[in-house]
Amino acid sequence: MYGIPYSYYEELGLRRYGFHGTSYEYIVTQVAKHFEKPRKELNIIACHLGAGASLAAIKNGSCIDTTMGITPLEGLVMATRSGDIDPAVFEILESSRKMSIGQISSVLNKESGIYGICGEKDMKTVIELSEAGSEKHTLALQVYIHRIRKYLGAFYLHLGGRIDAVVFSAGVGERSSIVRHMACCGLELLGITLDKDKNQADGDGLREIQAEGSRIKVLIVPTDEELAIAQQTLEVVNESHA
Ligand SMILES: Nc1ncnc2c1ncn2[C@@H]1O[C@H](COP(=O)(O)OP(=O)(O)O)[C@@H](O)[C@H]1O
Ligand SMILES: CC(=O)OP(=O)(O)O
Ligand SMILES: [Mg+2]
């Protein structure tokens, strides 16, 4: 729920909703298989970090919280989306820049996020330029990571720390060892420790990258939303013929 008048929920269906459900469904299935555990017993924090990005807290195999809202604009700082922002920004831009709601909304969706901060939306390039010493690109990367960690902490508490795994998925989550390292850095006391070499190693398929002795596993799970859609479609078709 949003903390706004209840009638908006009743009359307009205005509530938090969430996205990337197809990817999370696929991830839960893969992780349950990997741990040979019933999915009803699986607690994970899943990080779907693509151009659009979100985190999901998954308890007993079901999502109990996610960072996107009624639209994909809420939550993490993404490639071009701002993520969480004070709604007062609308009023400020409307009065100072004479922008319409539609124009502001378009800027927050298409010209904000890491692109808004540093002028580059491809995370691979942002990291390269940051490593080459660009302050703007370093700032964008730090803001991006800061928001991921904020929700990682929140979801850790939602799950009472009883977590089987933190999962990284989608373009950035699967391919960027630096983002994974920055997201998990200093979390040893929470039971999350990455293995430096495993995190940096090339590979494909589901793999574990936590250090030995890390209470919580850290996984890379290549997501496959197309396959998940095909499988779910097949289930529906089979059910309707049953
Ligand atoms: N090696 C890499 N390091 C960092 N980011 C990467 C790497 N490879 C791809 N990406 C990033 O992954 C993102 C795209 O992820 P993807 O899940 O394919 O996106 P979409 O949300 O469009 O489905 C892009 O921002 C791209 O820069
Ligand atoms: C919801 C969303 O933004 O998805 P993606 O960017 O992964 O296409
Ligand atoms: Mg995607």
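Residues numbered from 1 in each chain as written. Chains lettered and ligands numbered in written order. Predicted model: local features only at pLDDT ≥ 70, side-chain atom pairs only at ≥ 80, totals over all residues. Heavy atoms only, no water.

The protein chain is annotated in an unreviewed UniProt entry as Probable acetate kinase from Ceratopteris richardii. Its UniProt record, at the heading Sequence similarities (unreviewed entry), says of the protein chain: "Belongs to the acetokinase family." Annotation of the protein chain in UniProt includes, under Pathway (unreviewed entry), the sentence "Metabolic intermediate biosynthesis; acetyl-CoA biosynthesis; acetyl-CoA from acetate: step 1/2." (UniProt positions renumbered as here; feature names shortened; annotations may be inferred.)

Undergrad: Would you mind showing me how to read the pairing of strand β2 (residues 53-59) here?
TA: Working note: regular strand, side chains alternate between the two faces of the sheet. Of all seven residues in β2, six are buried, a share of seventy percent or more. As paired strands, strand β1 (residues 44-49) and β2 are joined by six bridges and run antiparallel to one another. Bridging across to β2, I45 finds its partner in A57. If you look at the hairpin formed by β1 and β2, you'll find three residues sitting between the two strands. (Buried < 20%, exposed > 50% of the residue type's maximum accessible area, 1.4 Å probe, protein only. Helix = DSSP H or I, 4+ residues; strand = E, 2+ residues; numbered from the N terminus. Pairing = 2+ DSSP bridges.)

Undergrad: When you look at the packing of helix α7 (residues 135-158) against helix α9 (residues 177-184) in this model, what are you seeing that I'm missing?
TA: Packed helices, taken two at a time, are described by their axes: the angle between them and the distance between them. As a packed pair, α7 and α9 sit with axes 9 Å apart at the nearest point and diverge in direction by 50°. As judged from the angle between their axes, α7 and α9 are oblique. Note on packing geometry: the crossing formed by α7 with α9 is right-handed. For the pair α7 and α9, the contacting residues are L141, Y144, I145, I148, R149 and L152 in the first and V179, M182, A183 and C184 in the second. (Axes fitted to C-alpha atoms, helices over the stretch in contact; angles between N-to-C directions. Parallel < 35°, antiparallel > 145°, perpendicular 65-115°, else oblique. Left-handed = near helix turned anticlockwise from the far one by under 90°. Contact = heavy atoms within 4.5 Å.)

Undergrad: Help me understand the nonpolar core, please; the structure alone is not making it clear to me.
TA: Inside soluble globular proteins, nonpolar side chains tend to come together where they are buried. L49, L55, M123, Y144 and V179 are the most contacted members of the largest nonpolar core, which has 39 residues in total. By residue number, the principal contributor to this core is α7, which donates nine residues. Leave out the neighbours within four places in its chain, and L49 touches L55, L76, Y144, I148, F168, S169, A170, G171, V172, G173 and V179. In this structure, I44, A46, A56 and L219 belong to the second largest nonpolar core, which totals 14 residues. (Core = buried A, V, L, I, M, F, W, Y, C linked by side-chain atoms within 4.5 Å.)

Undergrad: Sorry if this is basic, but what is going on with the site of ligand 2 here?
TA: Near ligand 2 you find F19, H20, H48, G52 and R81, and these make up its full shell. The contact in question runs from an oxygen atom of ligand 2 to an N or O atom on the side chain of H20, over 3.1 Å. Here an oxygen atom of ligand 2 sits 3.0 Å away from a polar atom, N or O, in the main chain of G52. Surface burial for ligand 2 is 62%, taken as the share of its 260 Å² of free accessible area covered by protein chains. A per-class count over the shell around ligand 2 returns one nonpolar, three polar and one charged. (Near = heavy atom within 4 Å. Polar contact = N/O pair within 3.5 Å; in protein donor to acceptor, adjacent residues only side chain to side chain. Areas by Shrake-Rupley, 256 points an atom, 1.4 Å probe, with all protein chains shown as cover. Nonpolar A, V, L, I, M, F, W, Y, C, P; charged D, E, K, R; others polar.)

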